[in-house]
Structures are given as structure tokens and as C-alpha cells.
Amino acid sequence: MREKIIIFDTTLRDGEQSPGASLSVHDKVEIARQLSRLNVDVIEAGFPVSSPTQFEAVKRISDESDKIIAGLCRAKEIDIKTAYDALRNAKHPRIHTFSSTSDIHVLGKFSDSKYGISLKEKKSTVLKMSVDAVAFAKTFTSDIEFSAEDAGRTDIGYLCEIIEAVIEAGATTINIPDTTGYTFPHELGNKFYEIKNRVKNINKIILSAHCHNDLGLAVANSISAINNGARQIECTINGIGERAGNASLEELVMALKVRKEINNYYTDINTTEIYNTSRMVSSYTGIIVQPNKAIVGDNAFAHESGIHQDGVLKDKSTYEIMTPESIGVPKSKIILGRHSGRHGLKSRLKELGYHPSEEEMQNVYESFLDLADKKKEVFDDDLRMLMGDEEITHSAYYKIDYLNVISGNAAIPTATVRIKSPENVFEESSTGDGPVDALFNAIDRALNIKPTVESYSVRSVTSGRQALGEVNLRLKFGNKYLGGRGLSTDIIEASCKAYLQAINHDVFLKMENQFDYEYENQIRFRG
Ligand code: KIV
Ligand code: ZN
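Keep in mind it's a predicted model, so treat the numbers as computed, not measured.

Topic: the coordination of the zinc ion (ligand 2)
Right, on to step 1. Donor atoms from the polypeptide that coordinate the zinc ion (ligand 2) comprise Asp-14 (OD), His-210 (NE2) and His-212 (NE2), at 2.0 to 2.2 Å from the metal.
Right, on to step 2. Linear spacing of the donor residues for the zinc ion (ligand 2) on their chain is D-x195-H-x1-H. With respect to class, His-210 is no different from His-212; both count as buried.

Shown next as C-alpha cells:
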């Protein structure tokens, strides 16, 4: 009998913690719908107490989804109550609470003497807090997950003790995170083996693995965990997440599927939705999928050398261990043009997994016509890029109203911009070392800011001479890094959009911080 592996997708929580990624409520709801089409078992929709946007996203996803929806919370009553508030309309709500368990985390995060003086005292406080949190969470719902943060570096004796206690308190899933991506596959496998053998009530619950990719071992570690008793794997689309990211969903799922002759496990993932989901997550987060990325990279099914090409032409299986169709790469390119009409556009967007509102449809249709005028043939990737464009889906605070840039081998690069906010119009000109520098200087002058450009890259996202250009950049505001992405067939305009998007994220965070203060008071009051 093959055994099922539960796929717990944390793209919207851990994945969103990727440096530079920030998703709006709208983007999260769209991604959650696509995750349902992919047929994941659990969607971790966010960390509700951490901000009003997180709360709202978890709530909106809970309101409409049939899946198990998880909300993360620390081992604190206020976090748990807030998580449940966000999850309360879910058909299958799961409260996911966590405590740090490694010595290094306990000493670092519980350094205050109120948690005890010695390490031993602090560990017993953490154990009590964890048990109390699980018991409290249990008063709201039956499905409770407990994570022992940094379990990968936690001493096995203490880990087993805390696991047994939280199971006794009502936890139904126990997650073993390799938070720092430190372990080797055989080590993590042994940890699961020990837990299975030492914890006496372990058969009451599902064991789960949550592996980070700091040493590039997250998927291998997850498979080793499965071989030693894990029946739930936490992972993200494209492997995005904190630092080097999390175990990649598509790699894990396809590994189990392609090598089914040597393993006894299956998932319920609809693998033909992998490609669409990967592209959607990339376009909303602005995190590019590296070309050589396993399964979903552009080169994953490309054969460059003559010998390989010859082999594949004669028999695909010579160099392909899975088919592009098995992950949903379309066989032929669907091309839309100006004459495809609104209806054609809407139905193609639907096939790609998007559900634009009436207003978004109007915006995307206008952008589509604009693009079709410039490049005649509009490909799926162009549409995905349009759908990920801020101007279509949310109302940015600063919008570009006018842009003029002069450059050439005999001209001093000069830019003039007019930017509108809901209250004001800002206009300025500036010169620079090149057209992009002149543009950024003009925006800085207009808005009276001076962020540092930490990185800037431009690439063509679709094919052909009139391809869409995508600019990705990272700005540093004080000690904060924010990403921006812009798209246009004109790379100067794309640069302007990317720069303004990062600035808009900064404005948004400032507004949210202000709002957070009121929000904190509000939840403190509720608590
Ligand atoms: O990596 C980690 O430890 C986590 C937990 C909160 C599950 O993300
Ligand atoms: Zn994590």
C-alpha cells in the first residue's frame, strides 16, 4: 500500500518572508486559488497577528477556501486568538503555534530573567508556554499544529520531552523544522527515527518536516524525513522563503512521482498545474526562477548539445526523465493579438489561473491592447507579467504621470518626471551618469528622498525584438531593503515603474506601521 504525503504549502507565509517579496491581499487570494487547483492539502495563509494585511489575507482566504487553512502564531494567547479570528470562517481551520527549542534559540530569544536564570529553567518555561499555547488553541479548534523551531539543532532528549507534552495537550500535527538548513539528510532522518521510537504517544499525530535550503539540502532532507516517518512536508512554490528558501514543492512532488519505483509514497498534487503555479508566484512576488532550476526553470527541458538533441529526437526518454506536459508546460504557444478581444483575453487568463475583477479586467484589457499594438503577438508570459503589474491589481500611492528622458552619445542624460499621489503632483528634472541614473535622480528630487540602489537588473521576459523588458531592483531605505519590479517594452519606463514600486512599498510599510500601533491596541483590547 502506498502511503500519502500531506503537502502543506507555506508560500504565502514562509515564502513571503523571502527578501524583497511582498504580496498584497489580492495577490495572496489569487495564489491561494491557484494552490487549490494544484490541490495542495494545507495552505498556510499567513501570520495573522503580525500585521493587518496578514490578518486580512488569512481571513479572505479562509472565507472562500475548501482546503485546510493554517494561520501561524507564537505561543501567546493574543497571537492564537487573533489567528482564530482570521480563520474562523474556514471550513477546516488549523492553528499553527511554535516555540524555539534549541539551546541557542532558547538562550538568545528568552534571555530575559523572567523566563528563568539557567538554561534548564528557561527550557522548562518554554515547555510550559508550549503546552499552555496548545491547550489554549485547542479551545478554538481541534486541528492544532505545533512546531519546535530550530528542531534541527535541538538536543533530542528535550525535543522528545516537549513533543510528548504538546501531544498530551492536544496537538495533532508535530512539525520538525530545520529552521537554519543546517542538517544533513542522514542526521535529520535519524532525528525522525529517534522521535518515532522515543515519544510514547507519537502514533496519535502526524509528523511533519519543514526544511530550509541554506546548504541546498532542503528537498533531500525532506525525503529523508519521509523515509523515517514524516507524513506531512512543508514546502513552497519555486522553493522561495527566508534566506536561501524552503524545500521546493515541485521538486519534492516530482521526485516522489518520477522515482515511484523506489519509494512507497504519493501526493495528491495535480502536477499539470505546477508550471502555471510557478509562473504565477514568480510574477506576483517578482522573484525570478533561475533558468537551471529543477522542474520549472526555463532550461529544465532544453537540450543544448548536438548529441543530446539527436538522442531526444530519436527517443525522448534518452535525456528526459519526465515530460514537460506532466508539469503543465503547454505543448504549443498560445498567441493572442489585438483582435483576440476582451472575451478571448479573459478566457485565456482564466486558463492561466487568474480571476480578474471587473475593474482589473478593464485595466488589464487596456494594457493588453497597448502591448498588442507594440508587439503584435502577446504570449502567456506577457499576460502573466501584466497580471503581476501593480498598476493593474492595486492602487499604487505614487503613480508616474509624465516621463521624458534624453540620452545619446552626444547628450547629457537628462530626465524630467511628473509623479502624482492622491494629494499632490511632484515635478522635477535632473541629469545623471546615464538615462537610468538621471531618471532615479529626478524621482529622488521630486519626492525628496535618497534611497541607495543596492541592485538593478534588466532582462527580457518574453521573446522577440519587442519583448517586454523587466527591471528588478532593490533599494535600501535606512536599514530596510525593498524590492521593485517594472515592466514595459521601454526599459526606461520599466525602470521608472520598478523604482516607484519599491518607494510605494516603503510608503505602504510606513502607513502599516502607523496602523499597526492602532491595530496592536485593538487586539490588546480584544485579548
Ligand atoms: O523555519 C521555521 O522554523 C518556521 C517555523 C515557524 C515553522 O518557519
Ligand atoms: Zn521556516
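Some details on the nonpolar core
Right, on to step 1. In terms of nonpolar packing, the biggest core is built from 109 residues, with Ile-7, Ile-163, Ile-174, Ile-195, Leu-345 and Phe-368 touching the most fellow members.
Right, on to step 2. Among all residues touching Ile-7, those that are not within four sequence positions of it are Val-40, Asp-41, Val-42, Ile-233, Cys-235, Leu-249, Leu-252, Val-253, Thr-267 and Ile-269.
Right, on to step 3. Grouped together as the second largest cluster of nonpolar side chains are 26 residues, Ile-419, Val-471, Leu-482 and Ala-494 included.

With respect to the pairing of strand E4 (residues 68-74)
Right, on to step 1. Burial analysis of E4 places five of its seven residues in the buried class, the great majority of the element.
Right, on to step 2. Note: strand E3 (residues 42-46) against E4, four bridges, orientation parallel. If you follow Gly-46 over to E4, its bridge partner there is Gly-71.
Right, on to step 3. Chirality of the crossover, the property in question, places the unit of E3, helix H2 (residues 52-64) and E4 among those that are right-handed.
Right, on to step 4. Two strands pair when backbone bridges link them, and E4 and strand E5 (residues 92-100) are joined in this way by seven bridges, in the parallel orientation. Along E5, the bridge assignment pairs Arg-74 with Phe-98.
Right, on to step 5. For the crossover that starts at E4, traverses helix H3 (residues 77-87) and ends in the parallel E5, the hand is right-handed.

Digging into the domain arrangement of the protein
Right, on to step 1. In terms of domains, the protein is made up of domain 1 (3-285), domain 2 (332-392) and domain 3 (395-514).
Right, on to step 2. Across the boundary between the two partners, domain 1 contributes 11 residues, which contact 13 residues of domain 2.
Right, on to step 3. Roughly 1000 Å² is buried in total at the junction of domain 1 and domain 2, and carbon and sulfur atoms are behind 41% of that figure.
Right, on to step 4. Considering only the surface of domain 1 that becomes buried against domain 2, Arg-37, Asn-276 and Ser-283 emerge as the three largest contributors, covering 37% of it.
Right, on to step 5. Between Arg-279 and Asp-381 there is a salt bridge whose closest N-O contact spans 2.9 Å.
Right, on to step 6. Where domain 1 touches domain 2, the interface holds eight residue pairs in polar contact (both at pLDDT 80 or more).
Right, on to step 7. Within the residue set of the side of domain 1 that touches domain 2, elements represented by two or more residues are helix H1 (25-38) and helix H10 (274-285).
Right, on to step 8. A per-element tally of the side of domain 1 that touches domain 2 places H10 first, with six residues.
Right, on to step 9. Among the residues forming the side of domain 1 that touches domain 2, the class breakdown is three nonpolar, four polar and four charged.

Observations regarding the pattern of salt bridges
Right, on to step 1. Counted under the stated rule, the structure contains 42 salt bridges.
Right, on to step 2. Between Arg-13 and Glu-44 there is a salt bridge, with its nearest N and O atoms 3.0 Å apart. With Arg-13 in the loop between strand E2 (6-9) and H1 and Glu-44 in strand E3, this pair connects stretches of sequence that are 31 residues apart.
Right, on to step 3. Here Arg-13 falls in the buried class, since its relative accessible area comes to 9%.
Right, on to step 4. Of the charged contacts, one joins Arg-348 and Glu-351 as a salt bridge, the two residues approaching to 2.4 Å between their closest N and O atoms. You can see Arg-348 and its partner Glu-351 sitting in helix H12 (residues 341-351), three residues apart, about one turn around the helix.

What to know about the site of ligand 1
Right, on to step 1. Inspection of the region around ligand 1 gives Arg-13, Asp-14, His-96, Phe-98, Ser-147, Glu-149, Asn-175, Pro-177, Thr-179, His-210 and His-212 as its neighbouring residues.
Right, on to step 2. One of the side-chain nitrogen or oxygen atoms of Asp-14 is found 3.1 Å away from an oxygen atom of ligand 1.
Right, on to step 3. Within the side chain of Thr-179, one N or O atom sits 2.6 Å away from an oxygen atom of ligand 1.
Right, on to step 4. Protein coverage of the free-state accessible area of ligand 1, which is 260 Å², stands at 95%.
Right, on to step 5. Of all the elements in the fold, those that place two or more residues in the shell around ligand 1 are E5, strand E6 (144-149) and strand E7 (173-178).
Right, on to step 6. In terms of residue class, the shell around ligand 1 is made up of two nonpolar, six polar and three charged.

Reading the values: rules and limits
- Along every chain, residues carry numbers that run from 1 in the direction the sequence is written.
- Here chains are named by letter from A upward and ligands by number from 1 upward, in the order in which they appear as written.
- In view of the model being predicted, local features appear only for residues whose pLDDT reaches at least 70, and side-chain atom pairs are presented and counted only at 80 or more, with totals across whole chains, interfaces and linings using the full set of residues.
- Only hydrogens and water are removed before side-chain values are computed, so all heavy atoms of the structure are retained for them.
- Distances decide who is a donor: an N, O or S atom must be within 2.8 Å of the metal, or within 3.2 Å for Na, K and Ca. Water is not included, so sites may look incomplete.
- For the exposure calls, accessible area comes from a 1.4 Å probe over protein chains only, and a residue counts as buried if that area is under 20% of its type's maximum, exposed if over 50%, partly exposed in between.
- Think of a nonpolar core as a cluster: buried Ala, Val, Leu, Ile, Met, Phe, Trp, Tyr and Cys residues, connected wherever their side-chain atoms sit within 4.5 Å.
- Contacts are assigned to residue pairs that have any heavy atoms within 4.5 Å of one another.
- Runs of E in the DSSP output that reach at least two residues are strands. Runs of H or I that reach at least four are helices, and both are numbered from the N terminus.
- The pairing criterion is simple: DSSP has to find at least two bridges between the two strands.
- Look down the strands so they point away from you; if the path from the first strand over the helix to the second goes clockwise, the crossover is right-handed.
- Domain start and stop positions are those given by an automatic or database domain assignment.
- Defined here as a combined quantity, buried area equals the accessible surface (1.4 Å probe) lost by two parts on assembly, summed across both.
- Take a side-chain nitrogen of Lys or Arg and a carboxyl oxygen of Asp or Glu: if they are within 4 Å of each other, that pair is a salt bridge.
- Counting of polar contacts relies on pairs of N or O atoms within 3.5 Å, with two restrictions inside protein: one atom must be capable of donating a hydrogen and the other of accepting it, and residues adjacent in sequence are counted only when both atoms are side-chain atoms.
- Any residue outside Ala, Val, Leu, Ile, Met, Phe, Trp, Tyr, Cys, Pro, Asp, Glu, Lys and Arg is labelled polar, Gly included; the first ten of those are nonpolar and the last four are charged.
- By convention in these notes, a residue is near a molecule or strand provided one of its non-hydrogen atoms lies within 4 Å of it.
- Only the protein chains shown count as cover for residues, with accessible areas throughout obtained via the Shrake-Rupley method and a probe of 1.4 Å.

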